[in-house]
Amino acid sequence: MRRSKGAILRITGNETGLTLIELLVAMMVLTLIVMIVYSSFTSVTATMEMARNNAEMLRFRQFLRSNLGRHLATVYVDAGCEAADFQFVGVNEDGPYGPADSLRFCTSLPLSGATALPGVLRVVQYEGGGGENGEERASALEDVGGGGDEEEGSYLVITEEPLVLSELGFTEQVQAEEMEEAVIEHRVPVMSLDITYYDGEKSEWVEEWDSLDMLRLPWAVRVKANFPRTEEEWAGDRREGIDPMESPDLDMMVALPVGGGTVEQFIDYNHRRMSSEVDEEEEL
């Protein structure tokens, strides 16, 4: 049969391509795969962040336990607790996120470091944190002994400096020139710091202590500290009914060997006697 001139040539064979339904199914499968990958990635990232936060909190807790335990166990005072140079004083203060107490005392430990002077005792001071940036967790890479431009309020500042006796008559210029390089400062991110003292005479814990006024030392010191939390961590604690003040991140008690068991004002009765007691002994 002869084809007409205007006839259309028809090619037969297998036709290829995707229908609309097949394209939609492929897109749905691809979307599910992306969602599963993203969910897994988010879960791994959150787990790594939690592990990092727990690791840095553990590091800060270990540092504070070591620092507080070493210094409080070696508290040094004069026999009658009357010298201002060896004053043991704890002040109760409040911050935006709870207690922000401070503590100052002298220890029998010599200064550390290459620039430390031999035979010079150490004065240690703890100044509590809890500032406006307390809700921001510090980076795990932050050195606990480092400085920084961060606000003072979001850190527990631990200062160790040489003890300069006031009766020696050193001028401020001499102190600055000879002792400045020996000063050591540590900073630990802390949201709240609560320090209490056990009064052996009253058999109770008190919020403040001044050895010059009380003429004795406490039997023990208890330290409660909370590290900075994010808003998500705050919300999680509230959902679980956790009170950071009742269940702090750090809760430790250190007994003071020098003050333990002392309920009288003077450790040595021969250190200072009342005139009436002296008169009675003379009459005998």
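Structure's up top.
In what follows, the accompanying structure is described. (Residues numbered from 1 in each chain as written. Predicted model: local features only at pLDDT ≥ 70, side-chain atom pairs only at ≥ 80, totals over all residues. Heavy atoms only, no water.)

## A few points about the overall build of the protein
Okay, step 1: Counting its secondary structure elements, the protein contains five helices and twelve strands.
Okay, step 2: For the protein, the proportion of its 284 residues judged to be buried stands at 36%.
Okay, step 3: Accessible area of the protein: about 18,000 Å², with a carbon and sulfur share of 55%. (Helix = DSSP H or I, 4+ residues; strand = E, 2+ residues; numbered from the N terminus. Buried < 20%, exposed > 50% of the residue type's maximum accessible area, 1.4 Å probe, protein only. Areas by Shrake-Rupley, 256 points an atom, 1.4 Å probe, with all protein chains shown as cover.)

## Some words on the packing of aromatic side chains
Okay, step 1: On inspection of all chains with the given rule, the structure shows seven aromatic pairs.
Okay, step 2: For the pair Phe 88 and Tyr 197, a centre-to-centre distance of 6.1 Å together with 85° between the ring planes defines the contact as edge-to-face. You can see Phe 88 sitting in the loop between α1 (20-72) and β1 (89-91) and its partner Tyr 197 sitting in strand β8 (residues 192-199), a full 109 residues away along the chain. For the pair Phe 88 and Tyr 197, a shared accessibility class is recorded, and that class is buried.
Okay, step 3: Summarising the aromatic geometry, the rings of Tyr 198 and Trp 205 are spaced 5.3 Å apart at their centres and angled 65° between planes, so their arrangement reads as edge-to-face.
Okay, step 4: On the accessibility criterion, Tyr 198 (21% relative accessible area) is partly exposed. (Phe/Tyr/Trp six-rings, centres within 6.5 Å; stacked < 30°, edge-to-face > 60°.)

## What about the sheet that holds strand β4 (residues 102-110)?
Okay, step 1: The six strands lie next to each other as β7-β6-β5-β4-β1-β10, forming an open sheet whose pairing is antiparallel. On the outer flanks of this sheet lie β7 (184-189) and β10 (209-210), each paired with one strand and no other.
Okay, step 2: Note: β1 against β4, three bridges, orientation antiparallel. Within the sheet, the bridge partner assigned to Val 89 lies in β4 and is Arg 104. (Pairing = 2+ DSSP bridges.)

## A word on a negative patch on the surface
Okay, step 1: Taken together, the side chains of Glu 93, Asp 94, Glu 127, Glu 207 and Glu 208 make up a negatively charged region of the molecular surface.
Okay, step 2: Assignment of secondary structure puts Asp 94 in strand β2 (residues 94-95).
Okay, step 3: Of the residues examined, Asp 94 reaches a relative accessible area of 69% and is grouped as exposed. (Patch = residues over 30% accessible without salt bridge, like charges linked within 9 Å, V, L, I, M, F, W, Y side chains within 5 Å. Salt bridge = Lys/Arg side-chain N within 4 Å of Asp/Glu carboxyl O. Lys, Arg positive; Asp, Glu negative; His and termini not counted. Charge placed at Lys NZ, Arg CZ, Asp CG, Glu CD.)

## Examining the pairing of strand β12 (residues 250-255)
Okay, step 1: The alternating pattern of β12 places Leu 250, Met 252 and Val 254 on a buried face, while none of Asp 251, Met 253 and Ala 255, on the opposite face, is buried.
Okay, step 2: Strand direction decides the pairing type here: strand β11 (residues 220-226) and β12, joined by six bridges, are antiparallel. Bridge pairing in β12 places Arg 222 opposite Met 253.

## Section: the environment of Met 245
Okay, step 1: One can find Met 245 in the loop between α4 (231-239) and β12.
Okay, step 2: Under the relative-accessibility criterion, Met 245 is labelled partly exposed at 32%.
Okay, step 3: Between the alpha carbons of Met 245 and Pro 99 there is a distance of 9.0 Å; along the sequence they are 146 residues apart.
Okay, step 4: Excluding residues that lie within four positions of it along the chain, Met 245 makes contacts with Tyr 97, Pro 99, Ser 192, Lys 224 and Asn 226. (Contact = heavy atoms within 4.5 Å.)

## Re the sheet that holds strand β9 (residues 204-206)
Okay, step 1: Judged by pairing direction, the sheet is antiparallel, and its four strands sit side by side in the order β9-β8-β11-β12 without closing on themselves. Here the strands that pair on one side only, and so sit at the sheet edges, are β9 and β12. Here the strands of the sheet are splayed against their neighbours by 25° on average, with no regard to which way each runs.
Okay, step 2: Strands β11 and β12 of the sheet are contacted by α1, whose axis makes an angle of about 15° with β12. (Axes fitted to C-alpha atoms, helices over the stretch in contact; angles between N-to-C directions.)

## Quick word on the environment of Ser 112
Okay, step 1: For Ser 112, the position within the fold is in the loop between β4 and β5 (121-127).
Okay, step 2: The contact partners of Ser 112, leaving out residues within four places of it in the chain, are Arg 122 and Ile 184.

## Considering the pairing of β8
On a regular strand, one side chain projects to one face of the sheet and the next to the other, so that they alternate.
Okay, step 1: For β8, the tally of buried residues reaches six of eight residues, placing the bulk of the element in the interior.
Okay, step 2: Alignment of β8 against β9, held across three bridges, turns out to be antiparallel. For Tyr 198, the partnering residue across the bridge sits in β9 and is Trp 205.
Okay, step 3: Counting the residues that bridge the hairpin from β8 to β9 gives four residues, and of these Ser 203 lies at a positive phi of roughly 55°.

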